[in-house]
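Below are the chains, spelled out letter by letter.
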Amino acid sequence: MLIENCPIINVNVKVWLFWAYLRKPKWYSYLLGCVPVTVLNVFQFMNLFNVIASGSGDMNKIIIDGYFTVLYFNLVLRTSFLMGNRGKFETFLEGIADEYAVLEKQNDIRPLMDQLTHRARILSKSNLWLGAFISACFVTYPLFSPDNGLPYGVYIPGVDVHASPIYEIVFVLQIYLTFPACCMYIPFSSFYCTCALFGLIRIAALKRSLEKIHEFNTSPRSLFVRIKECLQYHEDIIKYVSDLNELVTYIFLLELLSFGMMLCALLFLLSISNQLAQMVMIGSYIFMILSQMYALYWHSNEVREQSLEIGDSLYYNSAWLDFDQSVKKKIILILARAQRPLAIKIGNVYPMTLEMFQSLLNASYSYFTLLRRVYN
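Computed from a predicted structure; not experimentally measured. Counting of residues starts from 1 at the beginning of each chain's written sequence and follows it residue by residue. At least 70 in pLDDT is required for a residue's local features to be given in this predicted model, at least 80 for side-chain atom pairs to be given and counted, and no such filter applies to totals for whole chains, interfaces and linings, which use all residues. Side-chain measures were taken over the full set of non-hydrogen atoms in the model, leaving aside hydrogen atoms and water.

Draft legend 1. Local environment of the overall build of the chain. Note on conventions: DSSP H or I runs of at least 4 residues are helices, E runs of at least 2 residues are strands, and numbering of each starts at the N terminus. Scanning the chain from terminus to terminus reveals 12 helices and 2 strands. Ordered by position from N to C terminus, the α and β elements of the chain give α-α-α-α-α-α-α-α-α-α-α-β-β-α. Dimensions of the chain, computed from C-alpha atoms along their principal axes, come out at roughly 85 × 50 × 30 Å. By the convention used here, residues are in contact when the closest approach between their heavy atoms is within 4.5 Å. Considering only intrachain contacts with a sequence separation of at least 6, the fraction spanning at least 24 residues in the chain is 79%. When the accessible area of the chain is evaluated, it comes to approximately 17900 Å², of which 62% is carbon and sulfur surface. In the chain, the 30 positive side-chain charges and the 28 negative ones have mean positions that sit 4 Å from each other. Each accessible area value is a Shrake-Rupley result obtained with a 1.4 Å probe; residue values ignore everything except the protein chains displayed when judging cover. Neither His nor the chain ends is counted toward charge; the positive residues are Lys and Arg and the negative residues Asp and Glu. Each charge is placed at NZ for Lys, CZ for Arg, CG for Asp and CD for Glu.

Below you can see the structure in the form of structure tokens.
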């Protein structure tokens, strides 16, 4: 099965293929997408440095410009990592497509597959629509702002971006670049969530196989072969999660550091803002951060929790103590390995769990209250 035909991942894969981030490079796609977005991010950093160095910007401008600068830097880094590891991503996605085709033929796991595939597709599409809506808010906010600024603050040496007609040209270019920027950011988060959901399908398939292991008890040879297959499949799942972790762990470390800081700053800006339009926009920024990060941590937590139940499916649903010694050794290996949960880690250090997400919120709120107290 081709990766663009695999139902659980094809929404995000088609976006990546459209912009030529996978398979054969297309330079004209890069010139229309990631290259100008990268140039925009460079001008954003120059603007942020200029505003801070000159002291010409107020707190509101610095925080908003900082938020967009960090956001665009994150999406540029995501895309650069994807293109730099194109082969690894393609191999990983091809493995999902091949395994999905195999699991589709198993009737006992098919209802769960359909359910989680539907959830993955809804999640991917809703993320794209949410990204499109928030992006539309990004570019329309200056129309309601009294300072008539640009959607994203930029500084171009030797060019007055606020003088007509340069202002109108830059404004239109930023409106256009918001679309490829959204396609560079959103599919990566959705890619991880859909891969985590497929991991849940594989874990469920293994649990079903272990629950029915007693059906082979009449034939010791068949039982041994079956439990050996389950052990190998468990190892395949472990490798699958490890490969996924390798593809996302350092990107999520950057998000933890950058968006935890920006969440604190946006909460502070929301608390001191007195403009309704600005408050609505800041609320949408905060919602985008929280919704994206919650989806990441929730799916990671589900993989971790479900992996701990693998041993329970075998321990409580079969009289494995009555099996042959060779079979019991294999079962003990599965039980022992199931005691160590499968986890996606941030920077290969901290597992992504809901407890970790709560700790992030607590830390952001603590720094917000400190910043608020100093400001007052």
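Draft legend 2. Highlighting the packing of aromatic side chains. Each aromatic pair joins two rings of Phe, Tyr and Trp (for Trp, the six-membered one) with centres within 6.5 Å, and gets the label stacked for planes under 30 degrees apart, edge-to-face for over 60, and tilted for any other angle. Scanning all chains against the criterion turns up 24 aromatic pairs. Ring geometry for Tyr67 against Tyr285: centres 4.9 Å apart, planes inclined by 20 degrees, an arrangement best described as stacked. Separated by 218 residues along the polypeptide, Tyr67 in helix H4 (residues 59–84) and Tyr285 in helix H9 (residues 276–308) bring together distant segments of the chain. With respect to burial, Tyr67 and Tyr285 carry one shared label: buried. Buried residues are those whose accessible area, probed at 1.4 Å on protein chains only, stays under 20% of the maximum for their type, while exposed residues exceed 50% and partly exposed ones sit between those limits.

Draft legend 3. The packing of helix H5 (residues 86–103) against helix H8 (residues 220–272), seen in detail. In this description, a line fitted to the C-alpha atoms serves as the axis of each element, helices being fitted only across the stretch in contact, and the angle between N-to-C directions of two axes falls anywhere from 0 to 180 degrees. Two elements in contact, H5 and H8, have axes whose closest approach is 11 Å; the angle formed by their N-to-C orientations is 145 degrees. As for the relative orientation of H5 and H8, their crossing is left-handed in sense. Residue-level inspection shows Lys88, Phe89, Phe92, Ile96, Glu99 and Leu103 of H5 in contact with H8, the latter providing Tyr233, Tyr240, Asp243, Leu244, Glu246 and Leu247. Each residue belonging to the contact of H5 with H8 can be placed in one class, and the counts come to 8 nonpolar, no polar and 4 charged. The handedness criterion is simple: a crossing whose near helix is rotated anticlockwise from the far helix by less than a right angle is left-handed, and one whose near helix is rotated clockwise is right-handed. Amino acids are sorted into nonpolar (Ala, Val, Leu, Ile, Met, Phe, Trp, Tyr, Cys and Pro), charged (Asp, Glu, Lys and Arg) and polar (every other residue, Gly among them).

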